Amino acid sequence: MRVLASAPAKIILFGEHSVVYGKPAIAAAIDLRTYVWAEFNKNGRIRIEAKDIRVPGLTVSFSDKEIYFETDYGKAAEVLSYVREAINLVMEEAGQKKGVTVSITSQIPVGAGLGSSAAVAVATIGAVSRLLGLELTKEEVAKLGHKTELLVQGASSGIDPTVSAIGGFLYYEKGTFEELPAIELPIVVGYTGSSGSTKELVAKVRRSFEEMPEIITPILNSMGKLVEKAREVILADYDKELKFQLLGRLMNINHGLLDALGVSTKSLSDLVYASREAGALGAKITGAGGGGCMYALAPGKQSEVATAIKIAGGMPMITKISREGLRIEEVEE
Ligand SMILES: Nc1ncnc2c1ncn2[C@@H]1O[C@H](COP(=O)(O)OP(=O)(O)OP(=O)(O)O)[C@@H](O)[C@H]1O
Ligand SMILES: C[C@@](O)(CCO)CC(=O)[O-]
Ligand SMILES: [Mg+2]
């Protein structure tokens, strides 16, 4: 038997990092996906084929006749730790340990703030649980995805696996979520081309919080408040123009506060300012930062903003919200 599952990337519209401290955040699934095939194998081992991920720590040496490969096994194992922990958790849940081969292909840039870790965990949990005959709801998959992130990262709010499993547009707070009405958001995502590790960035914010709680706590509180305000604006009966203007202002404040937490970079801020100068109503980092992506809200100016992002050295992506979260694509008996 073989099962193919897929799960989407996400953008965090408001509230990354502060959500780890129990504040609310707003996120949406987007139309880039990770695909995972799972099937039984005969040798009884867990085998992971990650087709498009760079494995660090590979050394190649060659003489005239031969090529030698040496791998830093520690680093290679670390890169695949989200997939490994996801498989272990499903096997524990099913009370079965079997030889399973998992094969991954992904459209989501890695370490770019678009939730590649959550998508790979959710799609793996979806495929392996179905293979083992476990009937999990999307909420249960989200919870196992959250556990996976906790095991690998040490800290995670759970927002990324929840959005990836459920799909759509969500207001998330401490493990619970509310589905927000679908609104057409004229956004442009800008990718700096560099990456940041969520585990390290979350740890960096934690260090600042522990060293200077009297300064960092009010920043996190402001972030929480602006997310509540953004939810009110999204749900209010305002016309679109006013809604976008208010959301844009809140995005700009959120970016400034993320910069104050130390998770922006020059390239991210360059793309943010270039977008605003090209007419975006708001622009901010999305995801953990330290590289990766920003997004801009640019009604009527999406192509101008995309061009400005390109000129500033970034890669623009015009994406749509994906209504669908985890999807079982194929089951071959
Ligand atoms: N296609 C993939 N195959 C296997 N592992 C992957 C894949 N994509 C992502 N991962 C795992 O996720 C890690 C990156 O996760 P990380 O949380 O640091 O960034 P992100 O999820 O892309 O961004 P953010 O958490 O800010 O949204 C990779 O180092 C790897 O361990
Ligand atoms: C940085 C963070 O807030 C979002 C990463 O997409 C981490 C988390 O919520 O788990
Ligand atoms: Mg991640």
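In this text the structure is predicted, and so the values were computed from the model without any measurement.

1. Re the pattern of salt bridges
Moving on, step 1. For the coordinates displayed, the defined rule picks out eleven salt bridges.
Moving on, step 2. A salt bridge links D160 to K10, with the shortest nitrogen-to-oxygen separation between them at 3.0 Å. Of this pair, D160 sits in helix α5 (residues 159-166) while K10 is found in strand β1 (residues 2-14), placing the two residues 150 residues apart along the sequence. K10 shares its class with D160; the two are buried.
Moving on, step 3. In this structure, E16 and K284 form a salt bridge, with 2.9 Å as the shortest nitrogen-oxygen distance. Of this pair, E16 sits in the loop between β1 and β2 (25-40) while K284 sits in strand β10 (residues 282-286); the two residues are 268 residues apart in sequence, bridging distant segments of the chain.

2. Details of the site of ligand 1
Moving on, step 1. With respect to spatial proximity, 24 residues lie near ligand 1, and among them K10, V79, G115, S116 and T198 are the closest.
Moving on, step 2. Between S116 and ligand 1, the recorded distance is 2.6 Å, taken from a side-chain N or O atom to an oxygen atom.
Moving on, step 3. A distance of 3.5 Å separates an oxygen atom of ligand 1 from a polar atom in the side chain of D160.
Moving on, step 4. About the coverage of ligand 1: the protein hides 92% of its 640 Å² of free accessible area.
Moving on, step 5. For the shell around ligand 1, the residue count by class is ten nonpolar, eleven polar and three charged.
Moving on, step 6. When residues of the shell around ligand 1 are sorted by domain, at least three fall in each of domain 1 (2-52 + 74-180) and domain 2 (187-317).

3. Looking at the packing of aromatic side chains
Moving on, step 1. In this structure the tally under the stated criterion is one aromatic pair.
Moving on, step 2. Over the ring of W37 we find R2; its NZ or CZ atom is 3.8 Å from the centre of that ring.
Moving on, step 3. Above the ring of Y273, the side-chain terminus of R276 is found at 5.0 Å from the ring centroid.

4. Some points on the site of ligand 2
Moving on, step 1. Taken together, the residues surrounding ligand 2 are K10, I12, E16, H17, V19, V20, S156, S157, I159, D160, G287 and A288.
Moving on, step 2. Separating an oxygen atom of ligand 2 from a backbone N or O atom of H17 is a distance of 2.9 Å.
Moving on, step 3. Here an oxygen atom of ligand 2 sits 2.7 Å away from a polar atom, N or O, in the side chain of D160.
Moving on, step 4. For ligand 2, whose accessible area on its own is 300 Å², the fraction buried by protein is 98%.

5. Some remarks on the domain arrangement of the chain
Moving on, step 1. Split into domains, the chain comes out as domain 1 (2-52 + 74-180) and domain 2 (187-317).
Moving on, step 2. Of note, the centres of domain 1 and domain 2, computed from C-alpha atoms alone, are 24 Å apart.
Moving on, step 3. With 29 residues of domain 1 in contact, the opposing surface of domain 2 contributes 40 residues.
Moving on, step 4. In this assembly, domain 1 packs against domain 2 so that about 2700 Å² is buried in total across both faces, 69% of it on carbon and sulfur atoms.
Moving on, step 5. Considering only the side of domain 1, the residues that lose the most area to domain 2 are F14, H17 and Y21, jointly responsible for 28% of the buried surface there.
Moving on, step 6. Inspection of the domain 1/domain 2 interface yields two salt bridges.
Moving on, step 7. Between R231 and E178 there is a salt bridge, with the nearest N and O atoms lying 2.9 Å from each other.

6. With respect to the UniProt feature "binding site: ATP" (unreviewed entry) in the chain
Moving on, step 1. Under the local residue numbering, the UniProt record ascribes the feature "binding site: ATP" (unreviewed entry) to P109, V110, G111, A112, G113, L114, G115, S116, S117, A118 and A119.
Moving on, step 2. With respect to the secondary-structure elements, G111 resides in the loop between β6 (100-106) and α3 (116-131).
Moving on, step 3. The partly exposed category is assigned to G111, whose relative accessible area is 21%.
Moving on, step 4. Setting aside its immediate chain neighbours within four residues, G111 contacts S116, S194, S195, G196 and G292.
Moving on, step 5. By the element assignment, G113 lies in the loop between β6 and α3.
Moving on, step 6. When residues no more than four places from it in sequence are discounted, the contact partners of G113 are K10, T286, G287 and A288.

7. Concerning the nonpolar core
Buried together is how nonpolar side chains tend to be arranged in soluble globular proteins.
Moving on, step 1. In this structure, L13, F14, I26 and L114 are the most contacted members of the largest nonpolar core, which totals 60 residues.
Moving on, step 2. By residue number, the principal contributor to this core is helix α7 (residues 213-235), which donates nine residues.
Moving on, step 3. Split by domain, the residues of this core number at least three in each of domain 1 (2-52 + 74-180) and domain 2 (187-317).
Moving on, step 4. In contact with L13, other than residues within four places in its own chain, are I26, A27, A28, F169, L185, K284 and Y295.

8. Observations regarding the pairing of β10
Moving on, step 1. By the criterion of burial, β10 is predominantly enclosed, with five of the five residues buried.
Moving on, step 2. Bridging between β10 and strand β11 (residues 293-297) involves five bridges; their strand directions are antiparallel. Residue pairing for β11: G282 is matched across the bridge by L297.
Moving on, step 3. With antiparallel pairing between neighbouring strands as the criterion, β10 and β11 make up a hairpin whose turn holds six residues, including G287 at a positive phi of roughly 90°.

Parameters and conventions
Residues numbered from 1 in each chain as written. Chains lettered and ligands numbered in written order. Predicted model: local features only at pLDDT ≥ 70, side-chain atom pairs only at ≥ 80, totals over all residues. Heavy atoms only, no water. Salt bridge = Lys/Arg side-chain N within 4 Å of Asp/Glu carboxyl O. Helix = DSSP H or I, 4+ residues; strand = E, 2+ residues; numbered from the N terminus. Buried < 20%, exposed > 50% of the residue type's maximum accessible area, 1.4 Å probe, protein only. Near = heavy atom within 4 Å. Polar contact = N/O pair within 3.5 Å; in protein donor to acceptor, adjacent residues only side chain to side chain. Areas by Shrake-Rupley, 256 points an atom, 1.4 Å probe, with all protein chains shown as cover. Nonpolar A, V, L, I, M, F, W, Y, C, P; charged D, E, K, R; others polar. Domains from an automatic or database assignment. Phe/Tyr/Trp six-rings, centres within 6.5 Å; stacked < 30°, edge-to-face > 60°. Lys NZ or Arg CZ within 6 Å of the ring centre and 35° of its normal. Contact = heavy atoms within 4.5 Å. Buried area = accessible area lost by both parts, 1.4 Å probe. UniProt positions renumbered as here; feature names shortened; annotations may be inferred. Core = buried A, V, L, I, M, F, W, Y, C linked by side-chain atoms within 4.5 Å. Pairing = 2+ DSSP bridges.

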